[in-house]
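# Notes for the structure review
Residue-level listing of the chains:
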Amino acid sequence: MKRKLVVIGNGMAGARLVEEILLRGGGERFEIVMFGDEPYGNYNRILLSNVLAGAHDPKDIFINPLRWYEDNHVKLHAGVRVASVDRAARLVHGDNGVVESYDDLVFAMGSSAFVPRMDGIEKNGVFVFRTLDDCDSIIKYTEGRKTAAVIGGGLLGLEAARGLMERGMKVHVVHLMNHLMEVQLDRMAGSILRSTLVRMGLQVHLEKATCEITGNGSVTGLRFKDGGTLDCDMVVISAGIRPNTQLAKEAGLTVARGIVVGDDLATPDDPNVFAIGECSEHDGKTYGLVAPLWDQARVLAERLSARRPQATYHGSKIATKLKVMGVDLAVMGDRESSGPDDEEVTYAEAKRGVYKKVIVRDGRIVGAILLGDPAAAPGLVQAFDRGVEVPDNRAELLFQLDAGAANTTRIEDLPDDTQICNCNGVSKGDILDAVKKGCRSLKVLCDTTRAGMGCGTCKKQVETLLEFGAGDSKVEDPSVHYYVPGVPLPKPDLVEEIRARGLKSVSAVFRELADGKEDPGSKPGLASLLKTLWGKDYVDERDARFINDRVHANIQRDATFSVIPRIYGGVTTADQLRAIADAADKYDAKMVKITGGQRIDLLGIKKEDLPNVWRDLGMPSGHAYSKAFRTCKTCVGSEFCRYGVGHSTELGIKIEERFQGIESPHKMKLATAGCPRNCSEATTKDIGAVAIEGGLWEIYVGGAAGSRVRKGDILCTVGSQEEVLLYTGRFMQYYRENGKYLERTYDFIERVGIDKVRAVVVDDAEGIAERLDAAMQASVDAYVDPWKETPHETQFSESLEPQGQLVQLRTARAVGER
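Everything numeric here is computed off the predicted structure, so don't read it as measured data. (Residues numbered from 1 in each chain as written. Predicted model: local features only at pLDDT ≥ 70, side-chain atom pairs only at ≥ 80, totals over all residues. Heavy atoms only, no water.)

## Regarding the overall build of the protein
When helices and strands are tallied, the protein shows 23 helices and 44 strands. A globule of 818 residues ought to have a C-alpha radius of gyration of about 28 Å, and the protein, at 30 Å, matches this closely. Along the first, second and third principal axes, the C-alpha set of the protein runs to 100 × 65 × 60 Å. Sequence separation of 24 or more characterises 64% of the internal contacts of the protein that already satisfy a separation of 6 or more. Accessible area for the protein stands at about 35,000 Å²; split by element, carbon and sulfur atoms hold 48% of it. Taken together, the 105 basic and 117 acidic charged side chains of the protein have centroids lying 1 Å from each other. (Helix = DSSP H or I, 4+ residues; strand = E, 2+ residues; numbered from the N terminus. Rg over C-alpha atoms; globule rule 2.2 N^0.38 Å. Contact = heavy atoms within 4.5 Å. Areas by Shrake-Rupley, 256 points an atom, 1.4 Å probe, with all protein chains shown as cover. Lys, Arg positive; Asp, Glu negative; His and termini not counted. Charge placed at Lys NZ, Arg CZ, Asp CG, Glu CD.)

Below, the structure written as structure tokens:
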């Protein structure tokens, strides 16, 4: 006769436990009954922020829909809260009157949002953020509202903020502590994270204690204990969690911070009553991350299924990889050194939002933080988990110093029980087993194992394991050919659908071609493509743009902006120089610099001053901030140079006047040179024109002289400036229509091949030259100087916080040398 197992809680811990028991043949041993407060199956709570952001449909985050319980003969009381537990009679009473007896009982009730004491908590527009229903309520309330405040700067609070920002809201995060995510990060990491998030448009208020939510019935703002106030239309409270223990306490179980359990995960009061997950407390610790939850579920499943009845839990070493508002983060073990004998190895590069720190004790890693660059995470996690002795050269922990050396932390070399996906508790062995069973593409592998289906930070590792396990039998995912990840179409098909359906806004593309699911990361690429295709008829939706494109200036590390007016061909006048000098003085520019593209850059301009700077300059935008044609660098050419054979300055001005503001998959830098001496470096530009003897011009495409150096390929040789303009425009349009988003021309040329490009652009092998020319002309005709547009209501009203300045690599004894 089967024993009866009752699990209170259908969240990630409870459902995972049942899965693990069934996996071990527990269905033959137990009649399983579950209670869940929510009227749904089990879903991945980690992905709630994606639902809030609109990146996931709610149905996409379900791990086990209601049908799963039926199929596995699990009786689920969905939407039924447990009212009481009678341990003497071994009965569980639901609040709807249902009663279930049990032989073994598991508390897996998770936790609840902690709501600090403050006045006005009952007002309309105040929410917590823990469940799908919370998500739904928040989403509905955002309609027609502009500003939100999130109380709490921890992981969940920041994820809520991201979701609200993706819905076009101006978002303030109000945090009691002096830096963000103080549970996972040290102060410096918190500061760098803050700077990164501020650059993304988030408003952060630290060391603020909220005492009142103001408003007459509905939220209008916050009042702080220091007397300050903040206007907002809604409030999301995400100030921490508290284990759900009241039911256990009323049942007479020992409760401290959580329900106390031993190494067998049983309560000390009853050997047949267990607790796992966020509601439990083991060895004085409670956990709020999923990895310990998976560990506990596995151990208890081993015991209950009798697979290993003596299995024990001895705590979890916390090592997790996350994405915080899209920023990569890996943390493990201790956050701070604990004594003078601890070593700290740190590297910080605030401009790029990168911070790395490892704490070494007795030659072994006891803690680490990797923010903004997770490349070293697999090796560090391995060394941390296994207690491996670290190398004498501590820098090797953070960087691969010998590029030619074999990578000593290859994922292929890790043990099979290494956890690859923390979000869903998937090990290397699980992934390789799925590959052996026939999963040959990344998508199928992820769908089958759930690896990579949480925050997504492990997807690269999953792909590496797929290549390792499948070898030549790996099947390519169609998604690698998508123009943007959020719309399942290669660029040619996407362009065809957009044209055929007349889709002129980003939201229309998502609605028609992506089942209404909006992917924030795909918006800038789609916006660029739509503007390319529709010109003046493109419907601009401001939230689809990066901040630089929204304010038509280039944000700097101190949260000020760079202003570069258009100076055609690098040729200016005394009047323009006076206007630039006057603007620099009037608006207190921190630096005036000649750029590599022969333009003048005013650095350190405040955001709110931008419209006035543009007005006073009286010059067009130089588009130094966007994925578009930037500048055409010139030499003086035949007009003054004794070696010149072509009027390169005149041509450069014509190019710049014609193609200013033309958007493209990536930025385009151009140059013209008056002779083959190439003083303006035209052969290493995206497009360059070089004058040669006989009144001819060589047109180069696909050059580069940045992080990568490449001499461009000759597209053709022509006999006039007009022909240079013609073929330059035609090549640009072909690149605009066929280049992948963020693909520079040099990558485009190498991917497509110069012979193919030349055949289409010069020889008209596909018969599309006339259409390409017409499309480019339409884009030229649609050009409007963005600096002359009427500012949007909130376009320049936000203030941004500066980013700290720090670049350092430091190895020091932790305490004594600070």
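## Details of the UniProt feature "domain: FAD/NAD(P)-binding" (unreviewed entry) in the protein
The sites that carry the UniProt feature "domain: FAD/NAD(P)-binding" (unreviewed entry) are, in the present numbering, residues 4–284. As a span, residues 4–284 carries 23% helix and 32% strand, and end to end its C-alpha atoms are 30 Å apart. (UniProt positions renumbered as here; feature names shortened; annotations may be inferred.)

## Examining the nonpolar core
Among the nonpolar cores identified, the biggest contains 53 residues, and Val85 and Phe107 are the most heavily contacted of them. For this core, the element with the highest residue contribution is helix H8 (residues 290–304), accounting for eight residues. For Phe107, the residues in contact, after removing those within four places along its chain, are Ile8, Val85, Leu247, Ala248, Leu253, Ile259, Val273, Phe274, Ala275, Ile276 and Cys279. Within the second largest apolar cluster, 47 residues are counted, among which are Phe127, Tyr141, Val173 and Met234. (Core = buried A, V, L, I, M, F, W, Y, C linked by side-chain atoms within 4.5 Å. Buried < 20%, exposed > 50% of the residue type's maximum accessible area, 1.4 Å probe, protein only.)

## Remarks on the pairing of strand S7 (residues 91–94)
Here S7 shows one buried face, formed by Val92 and Gly94, and one open face, formed by Leu91 and His93. Strand direction decides the pairing type here: strand S6 (residues 82–86) and S7, joined by four bridges, are antiparallel. Bridging from a neighbouring strand, Val82 pairs with Gly94 of S7. Taken together, S6 and the strand that follows it, S7, pair antiparallel across an intervening segment of four residues, in which Arg90 is found at a positive phi of about 55°. For S7 and strand S8 (residues 99–101), the ladder comprises three bridges, and the chain directions are antiparallel. Bridge pairing links Leu91 to Ser101 in S8. (Pairing = 2+ DSSP bridges.)

## Examining the pattern of salt bridges
Opposite charge on two side chains allows them to pair when their charged atoms are near. Per the stated rule, a full pass over the model turns up 51 salt bridges. The residue Lys633 makes a salt bridge to Glu681 at a minimum N-O spacing of 2.8 Å. Of this pair, Lys633 sits in strand S37 (residues 629–634) while Glu681 sits in the loop between strand S38 (668–673) and strand S39 (687–692), and the two are 48 residues apart along the sequence. Salt bridges linked by common partners bring Arg16, Glu20, Arg24, Glu302 and Arg308 together as one network. (Salt bridge = Lys/Arg side-chain N within 4 Å of Asp/Glu carboxyl O.)

## Topic: the packing of helix H20 (residues 721–738) against helix H23 (residues 769–781)
The interhelical angle for the contact between H20 and H23, taken along N-to-C directions, is 90°, at an axis separation of 9 Å. Judged on the interaxial angle alone, H23 and H20 are roughly perpendicular. Taken together, the residues of H23 that come into contact with H20 (itself represented by Leu726, Gly729, Arg730, Met732, Gln733, Tyr734, Arg736 and Glu737) are Ala769, Arg771, Leu772, Asp773, Ala775, Met776 and Ser779. Taken together, the residues of the contact of H20 with H23 break down into seven nonpolar, three polar and five charged. (Axes fitted to C-alpha atoms, helices over the stretch in contact; angles between N-to-C directions. Parallel < 35°, antiparallel > 145°, perpendicular 65-115°, else oblique. Nonpolar A, V, L, I, M, F, W, Y, C, P; charged D, E, K, R; others polar.)

## Some remarks on the sheet that holds strand S43 (residues 713–718)
Think of a sheet as strands paired side by side through backbone hydrogen bonds, with each pair either parallel or antiparallel. Taking strand neighbours across the sheet as the criterion, the five strands line up as S37-S38-S39-S40-S43 in an open arrangement whose pairing is mixed. At either margin of the open sheet sits one strand with a lone partner, and together these are S37 and S43. For this sheet, the mean inter-axis angle between neighbouring strands, taken without regard to orientation, is 20°.

## Structural notes on unusual backbone geometry
Peptide bonds are trans in most cases, and residues, glycine excluded, mostly fall at negative phi. Unusually for a residue other than glycine, Glu207 sits at a positive phi of about 55°. As for its position among the elements, Glu207 is in the loop between strand S14 (203–205) and strand S15 (210–214). Non-glycine residue Asp283 carries a positive phi angle of around 55°. Relative to the helices and strands, Asp283 is located in the loop between strand S23 (280–282) and H8. On the basis of relative accessible area, Asp283 is assigned to the exposed category, the value being 64%.

## Considering the side chain of Arg710
Looking at the element boundaries, Arg710 is found in strand S42 (residues 709–710). Here Gly702 takes part through its backbone oxygen, which lies 2.8 Å from a polar atom of the side chain of Arg710. At a separation of 2.7 Å, a polar atom in the side chain of Arg710 contacts the side chain of Asp713. Look past the residues within four positions of Arg710 in its chain and what remains in contact with it is Thr683, Thr684, Val701, Gly702, Gly703, Ala704, Tyr746, Ile749 and Glu750. (Polar contact = N/O pair within 3.5 Å; in protein donor to acceptor, adjacent residues only side chain to side chain.)

## Let's talk about the environment of Gly469
As for its position among the elements, Gly469 is in helix H12 (residues 459–470). When its relative accessible area of 42% is taken as the criterion, Gly469 is described as partly exposed. Here the alpha-carbon distance between Gly469 and Thr649, two residues 180 residues apart in the chain, equals 57 Å. For Gly469, the residues in contact, after removing those within four places along its chain, are Leu432 and Val435.

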